[in-house]
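# What the coordinates show
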Amino acid sequence: MQAEQTTRIDERLDRLGDQIDALRHHIDERFDSQAARLDMKLEAQSARLDDKLEAQSARLDAQTIHFDEKFESLVGKFDKRFDTLTYSLIYVLATIVAAALGFAAAVA
């Protein structure tokens, strides 16, 4: 009787051990599938983020090119206005010098 009870307890422990092993196996499979699904989601989000960053970079490059063109245009206008101002000042100074020389010649 003691042997039969020991045998039943051993069999029950073996079944429980098998159930525990099956549960561990199921948990491992579930964890692996969840990890794979999470990896896929992260890769998809990473790809979308990379696409957005590339689009933003392209827009920034286009804006930079536009800014550079605008800046060059403004530099050209500034140079033209500065040249006009310089020539106007030279003309005014030459007129003043000519008037002064004419005045000096008339007084003398």
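Above this text sits the structure in question.
Residues numbered from 1 in each chain as written. Predicted model: local features only at pLDDT ≥ 70, side-chain atom pairs only at ≥ 80, totals over all residues. Heavy atoms only, no water.

### Regarding the packing of aromatic side chains
In the structure shown here, the tally under the stated rule is 2 aromatic pairs. Ring plane angle 25° and centroid distance 6.4 Å describe the contact between Phe 67 and Phe 71, whose orientation is recorded as stacked. Residue Phe 67 and its partner Phe 71 are both found in helix α1 (residues 2-107); the two are separated by 4 residues, about one turn of the helix. Consider the rings of Phe 78 and Phe 82, whose centres lie 6.3 Å apart with planes at 20°: the pair is stacked. Remark: Phe 82 and Phe 78 occur in helix α1; sequence separation between them is 4 residues, near one turn of the helix. Residue classification places Phe 78 among the exposed positions, given a relative accessible area of 55%. (Phe/Tyr/Trp six-rings, centres within 6.5 Å; stacked < 30°, edge-to-face > 60°. Helix = DSSP H or I, 4+ residues; strand = E, 2+ residues; numbered from the N terminus. Buried < 20%, exposed > 50% of the residue type's maximum accessible area, 1.4 Å probe, protein only.)

Distances and angles like these do not, on their own, reveal function.
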